[in-house]
Amino acid sequence: MAMLDTNHDRAALVILVLGAALIVALSPFATGLIGIPVLYVIFHPLHAWLAKRSRPKLSAALVTVLALFLIVVPGISFAGLIVTQAQEIAGGVVQSPLLSRLSQLHLGEFNVGPQLADLGGKLVSWLGSSAFGLLGTATRLALNLTIALFGLYYILLQAGPTWKSVAGYVPFSAKNTDVLRQRFKNVTISTVIGTGAVAVIQGTLVGIAFLVTGLGNALFWGVVTVMLAILPVVGSGLVWIPGAIALFLSHQVGWAVGMVLWGILAVGNVDYIVRPIIFRRWANIHPLITLLGALAGVPYFGILGLLIGPLALSYFFELIQMYREEYLG
């Protein structure tokens, strides 16, 4: 039978074309759309508790406002911190003798100093010139946040009917569909809580180290560590290792050694202690999934890809596991 000879084939083609067009049109708002189920999983317990004590619409509105507050306030604070301090830090590093000392560094017979100094100069220049780039994405972030919060309010009120309408399109049995729903919930909770807890603890520890060693801008680098620590294993090291190098080049060898020991023994072990405990509590997720997901998510979702990427990759492996269980025995 040739293709498109039947109404069934033509209807399928129309649906496929329209679906592809919708995906392309909605791709700029993928962050907000993915954020809807993520926010629902996080705030549903609070809404359920409030709904027993007030009207459902009121409790949903209160939870939505709380979500807005918890997202916007830290986000604005972080952006303001970046904008106000990045230029100052970049200028201070360029004018300091640090780069000139770095240019004289030798490793045996290899004169690596000039290359490192040039790289350091480009890095701090990029930091300063890119600081205001955060403001350029404010409109897109605001639109995605609006979509996520509006969707959160709607799903909080219509969770049951929404799931019933979606479940019919899940290509698994009713029993496995409910199991898959619980798995997605567990994956989301473990990823959000585990990643957030590790990042905050590591950022706090690195900020304390910068404050004690006198490197300056401890709050700024602590916040930067919180963002980078979402990358497991390597994230926090992107901050404390350069800090240790700066101390060494400033002839503060004792503090440099202390920074390295603190980074390895205290900061580094947070990832190996806290994250596995939380992941075992809700879902068995390998840290490599978090790392690869974050690296894949950033080009598509920006800084929010550090969270959305691991979630999407985890969901993908959950679907593979469910497919194997149901169709491959």
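Residues numbered from 1 in each chain as written. Predicted model: local features only at pLDDT ≥ 70, side-chain atom pairs only at ≥ 80, totals over all residues. Heavy atoms only, no water.

This next bit is on the confidence of the model for the protein chain. Mean pLDDT over the protein chain stands at 75; residues scoring 70 or higher make up 74%. Of all the helices and strands in the protein chain, helix α6 (residues 133–136) carries the lowest mean pLDDT, 47, while helix α2 (residues 30–51) carries the highest, 85. This model gives residues 126–136 a pLDDT under 50, and the stretch forms 14 contacts once residues within four places in sequence are excluded. (pLDDT = per-residue confidence, 0-100. Helix = DSSP H or I, 4+ residues; strand = E, 2+ residues; numbered from the N terminus. Contact = heavy atoms within 4.5 Å.)

Another aspect to go through is the nonpolar core. Judged by nonpolar contacts, the single largest core of 18 residues is most densely connected at Val 206, Phe 210 and Met 259. At the level of elements, α9 (174–213), α10 (218–228), α11 (237–249) and α12 (253–282) are the ones that each hand at least two residues to this core. Counting residues per element, this core draws most heavily on α12, which supplies six residues. Residues contacting Met 259, with those up to four places away along its chain left out, are Ala 209, Phe 210, Thr 213, Leu 215, Trp 240, Ala 244 and Leu 247. Counting 17 residues, the second-largest nonpolar core is a separate cluster that includes Leu 39, Phe 43, Ala 67 and Leu 156. (Core = buried A, V, L, I, M, F, W, Y, C linked by side-chain atoms within 4.5 Å. Buried < 20%, exposed > 50% of the residue type's maximum accessible area, 1.4 Å probe, protein only.)

Here we take up α9. The first and last C-alpha atoms of α9 sit 58 Å apart over 40 residues, in line with the 58 Å expected at 1.5 Å per residue. At the exit of α9 stands Gly 214, carrying a positive phi of roughly 80 degrees. (Expected span 1.5 Å × (residues − 1).)

We now examine the pattern of salt bridges. Across all of its chains, the model carries one salt bridge by this definition. The salt bridge involving Arg 183 is made with Glu 325; its shortest N-O contact spans 3.0 Å. Here Glu 325 lies in helix α14 (residues 305–327) and Arg 183 lies in helix α9, a separation of 142 residues in the sequence. The buried category is assigned to Arg 183, whose relative accessible area is 18%. On the basis of relative accessible area, Glu 325 is assigned to the partly exposed category, the value being 38%. (Salt bridge = Lys/Arg side-chain N within 4 Å of Asp/Glu carboxyl O.)

Moving on, we get to the packing of aromatic side chains. Tallying each qualifying case throughout the model produces four aromatic pairs. Taking 5.5 Å as the distance between ring centres and 65 degrees as the angle between the ring planes, the aromatic pair formed by Phe 316 and Phe 317 counts as edge-to-face. Owing to a relative accessible area of 45%, Phe 316 belongs among the partly exposed residues under this scheme. (Phe/Tyr/Trp six-rings, centres within 6.5 Å; stacked < 30°, edge-to-face > 60°.)

Our focus in this paragraph is the packing of α9 against α10. The interhelical angle for the contact between α9 and α10, taken along N-to-C directions, is 155 degrees, at an axis separation of 7 Å. As judged from the angle between their axes, α9 and α10 are roughly antiparallel. In this structure, α9 meets α10 at a crossing whose hand is right-handed. In contact with Ala 199, Val 200, Gln 202, Gly 203, Val 206, Gly 207, Phe 210 and Leu 211 of α9, α10 contributes Ala 218, Trp 221, Gly 222, Thr 225 and Val 226. For the contact of α9 with α10, the class distribution of residues is eight nonpolar, five polar and no charged. (Axes fitted to C-alpha atoms, helices over the stretch in contact; angles between N-to-C directions. Parallel < 35°, antiparallel > 145°, perpendicular 65-115°, else oblique. Left-handed = near helix turned anticlockwise from the far one by under 90°. Nonpolar A, V, L, I, M, F, W, Y, C, P; charged D, E, K, R; others polar.)

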